[in-house]
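# Coordinates in review
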Amino acid sequence: MSRPGVNLGVVMDPIGDIKPVKDSTLAMLLAAQRRGWKLWYMNLDDLWLTSGVAEGRMRELAVRDDLKDWYEIGAERTAGLADLDILLMRKDPPFDMEYIYATYILEIAEKAGVVVSNPPRALRDINEKASIAWFPELSPPTLITRSMSQMRRFADSHKKVVFKPLDGMGGKSIFVMSADDPNTNVVLETLTDYGSRFAMAQGFIPEITAGDKRILLVDGVAVPYSLARIPAEGENRGNLAAGAKAVGQPLSDSDQRLAAAIGPAMVQRNLLFVGIDVIGEQLTEINITSPTCIRELDAEFGLDIGGDYMAALEKRL
């Protein structure tokens, strides 16, 4: 039996702009509504702090599993965020200073007793690319630096590498390059802003041709299927936003070992919904801001990942 009378708030990008066929936040909201919970919708500009109290402009929300008509906004109220039982932070990256300022407000709400997911402190502490450093034995050779000369030496050592920013998403500004590529200098100048900004270099993983696998962890436990994002012809980026093709597949033994190694560290930080990216048998990212791929996996394998997430949140009430 689901707990009745739960008020669930969501902070997200404008709901009218989402793609309902693939939006994971919509899947979560549908699952919460099926449990009889009341939904309250907010954007970043609906949040503020007044004398140490987290408040918000909340609008009643009803959602439908309809690709043409998926939401309805109802009555509006201004209230303390502590009036909510659960608050989902589902604002998409970029993870910039505005995002960080929002986590300060959400942390006040959390201290007032609201279950905030994913937790504000974890959102600040865990960069989605740099966090793989916690698991070096599971990851490809990786360098994070502002030094262009260090990056060039890394490329010389590994022959073929991936250069990328630490704050990107959707395949933006990801470069796959050979050590002797004549464009290396200009790429590094752009990524590091001439050595004034940190960026990442990783050894290239040839298995990218078989897809960049998104594995979802709910309360530290892996969903038994992954969504492999297979690059478009002539591409090396396994990102749906970059034209990759999505193919669902059961987790391999290696996938399960990776998830089992990473899951406890996520639960320790109260991260109840996490997406890890795996190429071949190697971890490349840990996504905690607004992981996606629920809708695709639910549709292909008859799952209810959003429902599993809501059940995990309910246990924290």
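Everything below is about the structure printed above this text.
Residues numbered from 1 in each chain as written. Predicted model: local features only at pLDDT ≥ 70, side-chain atom pairs only at ≥ 80, totals over all residues. Heavy atoms only, no water.

## Regarding the overall build of the protein
Let me state the cut-off plainly: Numbering of helices and strands runs from the N terminus; a helix is a DSSP stretch of H or I covering at least four residues, while a strand is a stretch of E covering at least two. Restricting the calculation to C-alpha atoms gives the radius of gyration, and the globule rule supplies 2.2 Å times the number of residues raised to the power 0.38. Only protein chains enter the accessibility calculation, which uses a 1.4 Å probe; a residue is then buried when its area is under 20% of its type maximum, exposed when over 50%, and partly exposed in between. In this analysis, two residues are considered to be in contact whenever any of their non-hydrogen atoms come within 4.5 Å of each other. The protein chains shown are the only cover counted for residues, whose accessible areas, like all others here, come from Shrake-Rupley with a 1.4 Å probe. Two residue types count as positive, namely Lys and Arg, and two as negative, namely Asp and Glu; His and chain ends fall outside the count. For the purpose of locating charges, the reference atoms are NZ of Lys, CZ of Arg, CG of Asp and CD of Glu.
A tally of regular secondary structure across the protein gives 8 helices and 17 strands. Taken over the C-alpha trace, the protein has a radius of gyration of 20 Å; the compact-globule value for 317 residues is 20 Å, and the two agree within 12%. Its C-alpha atoms give the protein principal-axis dimensions of about 60 × 45 × 35 Å. For the protein, the proportion of its 317 residues judged to be buried stands at 51%. Sequence separation of at least 24 residues holds for 66% of the intrachain contacts in the protein that already meet a minimum separation of 6. Carbon and sulfur atoms make up 49% of the accessible area of the protein, which amounts to about 14,200 Å² in all. Of note, the protein has its 35 positive side-chain charges centred 2 Å away from the centre of its 44 negative side-chain charges.

## Section: empty space enclosed by the protein
Rule in force here: Think of a 1 Å grid over just the protein atoms. A cavity is a set of points where a 1.4 Å probe fits yet cannot get out, a pocket is an open set with protein on both sides within 12 Å along at least five of seven lines, and lining residues have an atom within 4 Å of a point. Grid points are joined across faces, edges and corners, and a volume is the space filled by probe spheres set on the points. Each residue gets one label: Ala, Val, Leu, Ile, Met, Phe, Trp, Tyr, Cys and Pro are nonpolar, Asp, Glu, Lys and Arg are charged, and the others, such as Gly, are polar.
As enumerated under the stated definition, the model contains 1 cavity of 30 Å³ or more in all. Lining the largest cavity, in full, are M28, M89, R90, S117, N118, F273, I288, T289, P291 and Y309. Of the residues assigned to the lining of the largest cavity, the class counts are 6 nonpolar, 3 polar and 1 charged.

## Describing the packing of aromatic side chains
A ring pair, where both rings are aromatic, is described by two values, the distance of the centres and the angle of the planes. This is how it is decided: Aromatic pairs are defined between Phe, Tyr and Trp rings, using the six-membered ring for Trp, whenever the two ring centres lie within 6.5 Å; interplanar angles under 30 degrees are classed as stacked, those over 60 as edge-to-face, and all others as tilted. Counted as over-ring charges are cases with an Arg CZ or a Lys NZ within 6 Å of the ring centre that also lie within 35 degrees of the ring normal.
Tallying each qualifying case throughout the model produces 6 aromatic pairs. Arranged with centres 6.3 Å apart and planes meeting at 45 degrees, the rings of Y101 and Y104 form a pair that is tilted. With Y101 and Y104 both in helix 2 (residues 97-111), this residue pair falls 3 residues apart, about one helical turn. Here R77 stacks its cationic end above the ring of W40, 4.1 Å away from the centre of that ring.

## Digging into the environment of Y194
Structurally, the position occupied by Y194 is in the loop between helix 5 (184-192) and strand 11 (199-203). For Y194, a relative accessible area of 61% translates into the label exposed. Residues Y194 and S252 lie 58 residues apart in sequence; the distance between their C-alpha atoms is 41 Å. Among residues more than four places away in sequence, those in contact with Y194 are M148 and E189.

## Some details on the environment of V63
Take V63: it is sitting in strand 4 (residues 53-63). Taking the C-alpha atoms as reference points, V63 and A32, separated by 31 residues in sequence, lie 9.9 Å from one another. Residue contacts for V63: discarding those within four places in its chain leaves I15, L26, L29, L30, Q33, L39, W70 and Y71.

## Observations regarding the pairing of strand 3 (residues 47-50)
One face of the sheet, then the other: side chains in a regular strand alternate in exactly this way. Heads up, the rule is: Pairing between strands requires that DSSP locate at least two bridges from one strand to the other.
As paired strands, strand 3 and strand 4 are joined by 4 bridges and run antiparallel to one another. Counterpart to W48 in the pairing with strand 4 is E55. Hairpin connection between strand 3 and strand 4: a loop of 2 residues separates the two successive antiparallel strands, and S51 in this loop has a positive phi of roughly 50 degrees.

## What to know about the side chain of T289
Inspection of the secondary structure assignment puts T289 in the loop between strand 17 (282-287) and helix 7 (294-301). Since its relative accessible area comes to 6%, T289 is described here as buried. Setting aside anything within four residues of it in sequence, one finds T289 in contact with M89, P93, F95, Y99, L123 and E128.

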